[in-house]
Amino acid sequence: MVAQAGGSVVPTSGEADGTDEVADLFRALGRQIKVARVRAGMSQKELGDRLGYGEETISSVERGRRTPQPELLAAVDQLLECGGLLAAAAEDVERARARRRVRHPEWFRDYARLEAEAVELCYFANQAVPGLFQTKEYARAVFASRQPLFDEETIEQRVTARMARQELMTRWPPPTVSAIIQESVLRQPFGGLDVQRGQLERLLKTGDLRHVEIQVMPTTSQDHAGMGGPFTLLTPKGKPQVTYLEVQHVSRLITDPDEVRVLSAKYGSIRGQALTPRESLRLIEKMLGDL
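Criteria and cut-off values
- Residues numbered from 1 in each chain as written.
- Predicted model: local features only at pLDDT ≥ 70, side-chain atom pairs only at ≥ 80, totals over all residues.
- Heavy atoms only, no water.
- pLDDT = per-residue confidence, 0-100.
- Contact = heavy atoms within 4.5 Å.
- Pairing = 2+ DSSP bridges.
- Helix = DSSP H or I, 4+ residues; strand = E, 2+ residues; numbered from the N terminus.
- Axes fitted to C-alpha atoms, helices over the stretch in contact; angles between N-to-C directions.
- Salt bridge = Lys/Arg side-chain N within 4 Å of Asp/Glu carboxyl O.
- Buried < 20%, exposed > 50% of the residue type's maximum accessible area, 1.4 Å probe, protein only.
- Phe/Tyr/Trp six-rings, centres within 6.5 Å; stacked < 30°, edge-to-face > 60°.
- Core = buried A, V, L, I, M, F, W, Y, C linked by side-chain atoms within 4.5 Å.
- 1 Å grid on protein atoms, 1.4 Å probe; cavity = no way out; pocket = protein on both sides within 12 Å on 5 of 7 lines; lining within 4 Å.
- Points joined across faces, edges and corners; volume = space filled by probe spheres on them.
- Nonpolar A, V, L, I, M, F, W, Y, C, P; charged D, E, K, R; others polar.

J.: Could you clarify how one ought to interpret the confidence of the model for the protein in this entry?
T.: A low pLDDT means the predicted coordinates there should not be read in detail. This prediction gives the protein a mean pLDDT of 84; 88% of its residues lie at or above 70. Under a pLDDT of 50 for its full length, residues 1–19 has, in the predicted model, 50 contacts with residues more than four places off or in other chains.

J.: Got a minute to help me understand the sheet that holds strand β8 (residues 250–254) in this structure?
T.: Within a sheet, neighbouring strands are paired by backbone hydrogen bonds and run either parallel or antiparallel to one another. Here six strands make up an open sheet; going across it, the order is β5-β4-β3-β6-β7-β8 and the pairing mixed. Both edges of this open sheet fall to β5 (212–217) and β8, since each of them pairs with a single strand only. Pairs of neighbouring strands in the sheet enclose a mean axial angle of 15°, with direction left out of account. Note: strand β6 (residues 231–236) against strand β7 (residues 242–247), three bridges, orientation antiparallel. Its bridge partner being in β7, leucine 234 is matched across the sheet by valine 242. This element, helix α11 (residues 257–273), spans β3 (118–125), β4 (176–182), β5, β6, β7 and β8 of the sheet and lies at about 115° to β6.

J.: When you look at the pattern of salt bridges in this model, what are you seeing that I'm missing?
T.: In this structure the tally under the stated criterion is 12 salt bridges. Residues arginine 37 and glutamate 62 are paired through a salt bridge, measuring 2.7 Å at the closest nitrogen-oxygen approach. Remark: glutamate 62 occurs in helix α3 (residues 55–62) and arginine 37 occurs in helix α1 (residues 19–39); sequence separation between them is 25 residues. Judged by its relative accessible area of 6%, glutamate 62 is buried. In this structure, glutamate 259 and arginine 252 form a salt bridge, with 3.2 Å as the shortest nitrogen-oxygen distance. Assessed through its relative accessible area of 25%, arginine 252 is described here as partly exposed.

J.: Sorry if this is basic, but what is going on with the packing of aromatic side chains here?
T.: The way to describe two aromatic rings as a pair is by their centre distance and the angle between their planes. Per the stated rule, a full pass over the model turns up four aromatic pairs. Between phenylalanine 124 and phenylalanine 231, the ring centres sit 6.1 Å apart and the planes meet at 45°, which makes this aromatic pair tilted. Here phenylalanine 124, found in strand β3, pairs with phenylalanine 231, found in strand β6; they are 107 residues apart in sequence, far enough to count as distant. According to the relative accessible area criterion, phenylalanine 231 is buried, its value standing at 5%. Between phenylalanine 231 and tyrosine 267 the ring centres are 6.3 Å apart and the planes differ by 80°, which places this aromatic pair in the edge-to-face class. With phenylalanine 231 in strand β6 and tyrosine 267 in helix α11, the pair connects residues that are 36 residues apart, well separated along the chain. Every member of this aromatic cluster is reached through a ring pair, and the members are Phe124, Phe231 and Tyr267.

J.: Hey, could you run me through the nonpolar core in this one?
T.: One broad trend across soluble globular proteins is that nonpolar side chains are buried collectively. In this structure, Leu121, Phe133, Leu186, Leu203 and Ile284 are the most contacted members of the largest nonpolar core, which totals 31 residues. Elements with a minimum of two residues in this core: α6 (109–116), β3, β4, α9 (183–187), α10 (193–207), β5, β7 and α12 (277–290). In this view, phenylalanine 133 contacts Gln166, Met169, Val177, Ala179, Gln199, Arg202, Leu203, Thr206, Val212 and Ile214; residues no more than four positions away in its chain are not counted. The next biggest cluster of nonpolar side chains, apart from the first, holds 18 residues, and it includes Val22, Phe26, Leu51 and Leu80.

J.: Would you take a moment to explain the pairing of β6 for this structure?
T.: Note on strand geometry: in a regular strand, side chains alternate between the two faces of the sheet. Counted residue by residue, β6 has six buried out of six residues, so it is predominantly covered. Residues Phe231, Leu233 and Thr235 line one face of β6 and the alternating positions Thr232, Leu234 and Pro236 line the opposite face, and both faces are buried. With six bridges joining them, β3 and β6 adopt antiparallel strand pairing. Paired with phenylalanine 124 across the strands is phenylalanine 231, a residue of β6. Connecting β6 to the next strand, β7, in antiparallel fashion are five residues, including glycine 238 with a positive phi near 75°.

J.: Explanation requested: the environment of alanine 128 in the structure shown.
T.: Mapped onto the fold, alanine 128 is located in the loop between β3 and α7 (136–144). Taking relative accessible area as the criterion, alanine 128 reaches 26% and is therefore assigned partly exposed. Considered as a pair, alanine 128 and serine 184 are 56 residues apart in the sequence and their alpha carbons are 9.4 Å apart. What alanine 128 contacts, discounting residues up to four positions off in sequence, is Tyr138 and Val185.

J.: Quick question: what am I supposed to make of empty space enclosed by the protein here?
T.: Leftover empty space is mapped by rolling, across the atoms, a probe with the size of a water molecule. The full count for this structure, using the stated rule, is one cavity of 30 Å³ or more. Taken as a whole, the largest cavity holds about 40 Å³ of empty space. In terms of lining, the largest cavity is formed by Val129, Tyr138, Val185, Leu186, Gln188, Gln196, Gln199 and Leu200. Elements with a minimum of two residues in the lining of the largest cavity: α9 and α10. Split by residue class, the lining of the largest cavity holds five nonpolar, three polar and no charged.

Next comes the structure, spelled out in structure tokens:
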């Protein structure tokens, strides 16, 4: 499945999950180990024997095909007298391993790449809480309910990727974020009452952030402009605003200015029909108190 922009296919890239950068780091460390080993006049087998590793392990690490474990880096550094250069890379390796575990679906990567550099994000949600606001438990319930079913490994990969995306909410400067959520979404005990309670608590905390506004579209509203379904407006730094749609596992990244303008105007209408941010947080507090 691929994302589409204005009806045309948008080329997907592997850059969003950091796979290329991680591989480059591992290859660079492997070359440094090889240089130090050759300088010391050791073969791969000799180095492995001295450190308690197999020759194949040393070979794979030097070629960047295997993760250079922090303990291996420290041992090589000490044995070959690298002056702490390899040992100091242990934290970089841990961060890189964490990034490698983040696996966005290929069709989502273009959006994830734009989201990471966004200066403004606007959500209208009438099916589920927006991903950037979800707790880990809520996100797991969302992915576990998917049909056809995901296996456990895929669920955990998707949850990890979603939690990693939330880092942009705490960066500096943060993006301006607004979200309009249908009241029925918040009242649904998705994943169970404990999950619902945790999610409402998260929304209250998120809604208190200076760069975030959360509004609720009440169920008592007789009409509103969001009946066409959920959508996201995203403004990347220095680039035009785009729209992202995802319905029934079909995604579309819209870049056509006219289409984006229509949805932007629609968002303005929905925002005016929803409760104010202050009223919305009071309603969420009341929901939480009723549980």
